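Residues per chain are reported as follows:
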Amino acid sequence: MDDLNKITDPIEKVLDMMVKYQLAVVADKKLDLARLIVRLQRQLLRTKETNKNYYEQRNFLHNTHEDLMGQVERIYGV
């Protein structure tokens, strides 16, 4: 009976070390994932800002074109 306890003690320690290692690996992967999410959120914000600028410029050009065409019609009656 005494010999069985000696055999199981190291196995328990090995299993405990394996569990701790796996938890460390999972924690590391979660940290990597959190960093990736932050990078993607920053990229999304930059993309939204770029899109906002694009749509503002597009709307400005569209309105300017409409104004110019209105003036051409008024002046030349076209």
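Anything mentioned here points back to the structure above.
Calculation rules
Residues numbered from 1 in each chain as written. Predicted model: local features only at pLDDT ≥ 70, side-chain atom pairs only at ≥ 80, totals over all residues. Heavy atoms only, no water. Helix = DSSP H or I, 4+ residues; strand = E, 2+ residues; numbered from the N terminus. Buried < 20%, exposed > 50% of the residue type's maximum accessible area, 1.4 Å probe, protein only. Areas by Shrake-Rupley, 256 points an atom, 1.4 Å probe, with all protein chains shown as cover. Phe/Tyr/Trp six-rings, centres within 6.5 Å; stacked < 30°, edge-to-face > 60°. Salt bridge = Lys/Arg side-chain N within 4 Å of Asp/Glu carboxyl O. Patch = residues over 30% accessible without salt bridge, like charges linked within 9 Å, V, L, I, M, F, W, Y side chains within 5 Å.

(A) The overall build of the protein chain, seen in detail. Counting its secondary structure elements, the protein chain contains one helix and zero strands. The buried share among the 78 residues of the protein chain stands at 0%. A total accessible area of about 7700 Å² is found for the protein chain, and carbon and sulfur atoms account for 62% of it.

(B) Quick look at the packing of aromatic side chains. Within the structure shown, the criterion is met by one aromatic pair. Between Y54 and Y55, the aromatic rings sit 5.2 Å apart at their centres with planes inclined by 70 degrees, giving edge-to-face as the arrangement. Residue Y54 is classed as partly exposed on the basis of its relative accessible area of 49%.

(C) Up close: the pattern of salt bridges. A full pass over the atoms with the stated rule returns one salt bridge. Of the charged contacts in the structure, one is a salt bridge between K20 and D16, with a shortest N-O distance of 3.3 Å. Of this pair, K20 and D16 both sit in helix α1 (residues 2–76), four residues apart, which is roughly one turn of that helix. Assessed through its relative accessible area of 53%, K20 is described here as exposed.

(D) Fine view of a nonpolar patch on the surface. Taken together, the side chains of I11, V14, L15 and M18 make up a nonpolar region of the molecular surface, amounting to roughly 370 Å² of accessible area. With respect to the element layout, I11 can be found in helix α1.

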